[in-house]
Amino acid sequence: MSDLISTDDLAQAVDTFLAALPPQRRWDAEHSLDWAAADADHLTDGQRSAVEFVTVIEDHLPGYFDIYHRRFPVDASVDPAVFAHHRELYHFTVRWAAEEDTHARALARYQRSSGMRQRAELRTDLAGYGRQPFRLDGYTHPVQFFTYALVQEKATQIYYRQLRADITDPVLDDLLTKLARDEARHFTFFADVVTRYLRVHGDAMAAPIRDVVADFRMPLADIRGYWRWALRIADVARYDHTDAYEHLIAVVDRAVDHRTDPIDELLRFVESCRTVTTIGGPR
Ligand SMILES: [Fe+2]
Ligand SMILES: [Fe+2]
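In this report, the structure presented in the accompanying data block is examined. (Residues numbered from 1 in each chain as written. Chains lettered and ligands numbered in written order. Predicted model: local features only at pLDDT ≥ 70, side-chain atom pairs only at ≥ 80, totals over all residues.)

Moving on, we get to the overall build of the protein chain. Regarding its fold elements, the protein chain presents 11 helices and 0 strands. Reading the protein chain from its N terminus to its C terminus gives the helix and strand order α-α-α-α-α-α-α-α-α-α-α. Taken against the 2.2 N^0.38 rule, which gives 19 Å for 283 residues, the C-alpha radius of gyration of the protein chain at 19 Å falls within 12% of a compact globule. Each principal axis of the C-alpha distribution contributes one length, and for the protein chain these read about 55 × 45 × 35 Å. Considering only contacts in the protein chain between residues 6 or more positions apart, those separated by 24 or more positions represent 83%. (Helix = DSSP H or I, 4+ residues; strand = E, 2+ residues; numbered from the N terminus. Rg over C-alpha atoms; globule rule 2.2 N^0.38 Å. Contact = placed C-beta atoms within 7 Å.)

Turning next to the environment of Thr-140. Along the polypeptide, Thr-140 turns up in the loop between helix H5 (119–130) and helix H6 (142–165). Residues Thr-140 and Arg-87 lie 53 residues apart in sequence; the distance between their C-alpha atoms is 20 Å.

The next point concerns H5. Helix length check: H5 (12 residues) gives 16 Å between terminal C-alpha atoms against 16 Å at 1.5 Å per residue, within 8%. Of all 12 residues making up H5, only 1 are buried, and the element is barely covered by its neighbours. (Expected span 1.5 Å × (residues − 1). Buried ≥ 20, exposed ≤ 12 C-beta atoms within 10 Å, placed from the backbone.)

Another point: H6. Since one α-helical turn is 3.6 residues long, residues separated by three or four positions face the same way. Taking 1.5 Å of rise per residue, 24 residues should cover 34 Å, and H6 covers 36 Å from first to last C-alpha, within 8% of that figure. Burial analysis of H6 places 19 of its 24 residues in the buried class, the great majority of the element.

Between helix H4 (residues 80–113) and helix H7 (residues 170–201), the shortest axis-to-axis distance is 11 Å and the interhelical angle comes to 160°. Viewed along their axes, H4 and H7 adopt a mutual orientation that is roughly antiparallel. Here the hand of the crossing between H4 and H7 comes out left-handed. On the side of H4, the interface is formed by Phe-92, Trp-96, Glu-99, His-103, Ala-106 and Tyr-110, while H7 contributes Val-171, Leu-172, Leu-175, Leu-179, Asp-182, His-186 and Phe-189. Of the residues contributing to the contact of H4 with H7, the split by class is 9 nonpolar, 2 polar and 2 charged. (Axes fitted to C-alpha atoms, helices over the stretch in contact; angles between N-to-C directions. Parallel < 35°, antiparallel > 145°, perpendicular 65-115°, else oblique. Left-handed = near helix turned anticlockwise from the far one by under 90°. Nonpolar A, V, L, I, M, F, W, Y, C, P; charged D, E, K, R; others polar.)

With 69 residues, the main nonpolar core has Leu-150, Phe-190 and Val-194 as its most contacted residues. Among the elements that make up this core, the one with the highest residue count is H7 (13 residues). For Phe-190, the contacting residues outside a window of four places in its chain are Phe-146, Ala-149, Leu-150 and Glu-153. (Core = buried A, V, L, I, M, F, W, Y, C linked by C-beta atoms within 7 Å.)

Turning our eyes to something else, we now look at the packing of helix H10 (residues 245–255) against helix H11 (residues 261–272). The interhelical angle for the contact between H10 and H11, taken along N-to-C directions, is 170°, at an axis separation of 9 Å. Put simply, H10 runs roughly antiparallel to H11. From H10, Tyr-245, Leu-248, Ile-249, Val-252 and Asp-253 reach across to H11, where they touch Ile-263, Leu-266, Leu-267, Val-270 and Glu-271. Grouping the constituent residues of the contact of H10 with H11 by class yields 8 nonpolar, no polar and 2 charged.

Within the secondary structure layout, Arg-254 lies in helix H10. When the C-alpha positions of Arg-254 and Thr-188 are compared, they lie 14 Å apart, and in sequence the two are 66 residues distant.

Here the focus is the environment of Lys-154. Within the fold, Lys-154 resides in helix H6. Between the alpha carbons of Lys-154 and Thr-242 there is a distance of 9.7 Å; along the sequence they are 88 residues apart. Ignoring anything within four residues of it in the chain, the contact list for Lys-154 reads Phe-187, Ala-244 and His-247.

So, to be careful, I would describe these as geometric facts and stop short of saying anything about function.
Written out as structure tokens, the structure is:
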């Protein structure tokens with residue numbers, strides 16, 4: 001248990017996350033959007049490409065989910081105390097996975113309903129990407145998984161917000177609003193957990209968090225054609241994970257009562273990793 005936070009501490013974060021979305025505010029891909037009105041004729045080529053891109057990212061959920069199973073197993077390979085911790089985390093992970101699966105499903109449904117793609121063709125295409133492995137190699141500390149997700153959720157939320165700004169199809173506008181709201185809630189959970197790790201383990205978190213930032217790669221950054229694709233959609237909205245770094249800095253800064261040298265150094269490092277040149281001007 002020594003590198004984890006206590007089960008009670010984690011359970012509080014999970015409880016807060018699960019309570020944050022009342023049943024009446026939940027949505028799904030089947031009932032919550034006006035699919036009959038979806039029309040990709042409203043979209044530019046860049047916007048279509050961006051929708052395809054985020055569909056691939058969201059559809060890679062099995063890869064992300066599998067990482068949590070492997071790192072936080074809920075079986076006899078761990079002792080009862082660790083099991084109890086992982087079981088609490090699992091309450092979060094399954095809900096989070098269900099929401100991400102809804103994202104994948106809704107984006108795919110949008111592509112079909114709006115006339116972008118046929119179902120079978122899209123399914124085949126997504127299977128090609130989905131089979132490619134997603135790895136977070138080299139992580140030795142649990143806080144690294146939560147830090148990675150904190151950055152990724154915030155970067156995705158920012159991206160959906162940017163993409164939405166110029167969209168004239170009301171159905172896609174509605175979908176992107178829902179997606180951004182969910183990612184914001186996911187970010188809040190991971191920010192809460194990282195905060196708890198900092199409060200419990202203090203300076204010992206500086207190096208593991210630093211390593212996440214030093215090696216950060218967006219999911220699927222290794223797939224063939226990723227960077228060409230990312231560039232093609234760059235004029236629509238910039239997908240840059242370093243946009244999330246100011247939020248990571250704020251989380252760390254708020255979590256620590258007083259700045260120590262290791263934390264100062266960490267924050268300077270994260271700041272130095274932010275992309276300074278912005279494509280498409282200031283936002
Ligand atoms: Fe998502
Ligand atoms: Fe998310």
